[in-house]
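Observations on chain architecture
This is what each chain is made of:
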Amino acid sequence: MSDRAMTLISANNISVQHSHVAALQNVSLTLDAGEIVTIVGPNGSGKSTLLRVIIGALQPDQGTVTRAPNLRIGYVPQKLAIDATLPMTVRRFLSLPRRISDADADAALAAAGVDHTSNQQMAALSGGQFQRVLLARAILTRPNLLILDEATQGLDQPGSANFYRQIDAVRQDLGCAVLMVSHELHVVMSASDRVICLNGHICCEGAPDVVTAAPAYRELFGSGTGGALALYRHDHDHHHDHHHH
């Protein structure tokens, strides 16, 4: 998988009907090795449906999905309800559904930025820690594609920004591609190579600055995210600059 230009997933003219209503119409996209791609769109725009088609959990009514041979997908769900009364340690959670070694568990937790949480109860974790444990579980298989569905819902903006930095670190570590669904435009934009704006069909796609300037994007989201975008970029740069001083 070292060839960055290798196509991991190719979806061609995907259409999905939910009880006679089109959830997706003629959606085509390709995802290459090592890319970070974000799908943005309003509620009900078909984002989760598209993810399910890409993962293979849902058969489209029309169109085809081609996956690279031996494609390993790591999936971080939108939210995971864990019964707070049910005692379950982080270590035990990582071994569902298949047992893994302590070394693998420790390595995944470290890569996700939550080392030393093995013996903590899942129910006792903060929101940010919980998401990182979900991330650790997703990277146990050393995926070539990491898929995140609204993974930062419920985190505040600094928490989201930190989580996206973690994702970028994981991508560099594993050399995997990342496909994210998000509504957090300001944070996501600067973290992505490519943004796909979805509203049942693909309205626009391209580099973040191209998409934010597109009329279709402004129609869906307004143009009020520019300031936040600039702010985050600025913050992001400084984050990387510490070692130059």
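Up top you'll find the structure we're talking about.
The structure contained in this document is the topic of the report that follows. (Residues numbered from 1 in each chain as written. Predicted model: local features only at pLDDT ≥ 70, side-chain atom pairs only at ≥ 80, totals over all residues. Heavy atoms only, no water.)

What follows deals with the pattern of salt bridges. Per the stated rule, a full pass over the model turns up 5 salt bridges. As a salt-bridge pair, R91 and D102 come within 2.8 Å of each other at their nearest N and O atoms. With R91 in helix 2 (residues 90–94) and D102 in helix 3 (residues 102–111), this pair connects stretches of sequence that are 11 residues apart. Where E205 meets R194, a salt bridge forms, and the shortest distance between an N and an O atom there is 2.9 Å. Placement of E205 in strand 9 (residues 202–206) and of R194 in strand 8 (residues 194–198) is noted, with a sequence separation of 11 residues between them. By sharing partners, the salt bridges in this structure join E35, R194 and E205 into a single network. (Salt bridge = Lys/Arg side-chain N within 4 Å of Asp/Glu carboxyl O. Helix = DSSP H or I, 4+ residues; strand = E, 2+ residues; numbered from the N terminus.)

Here we take up the sheet that holds strand 9. Spatially, the 6 strands line up as an open sheet ordered 5-6-7-3-8-9, and their pairing is mixed. Looking along the sheet, the strands with just one partner apiece sit at the ends: strand 5 (73–76) and strand 9. The mean inter-strand angle of the sheet, taken between neighbouring strand axes irrespective of direction, is 15°. Pairing geometry for strand 3 (residues 36–40) and strand 8, over 4 bridges, is parallel. Bridging from a neighbouring strand, T38 pairs with V195 of strand 8. Where helix 1 (residues 47–55) meets the sheet, its contacts fall on strand 3, strand 5, strand 6 (145–149), strand 7 (177–182) and strand 8, and the angle it forms with strand 6 comes to roughly 155°. (Pairing = 2+ DSSP bridges. Axes fitted to C-alpha atoms, helices over the stretch in contact; angles between N-to-C directions. Contact = heavy atoms within 4.5 Å.)

Function cannot be read off these values alone, since they describe shape.
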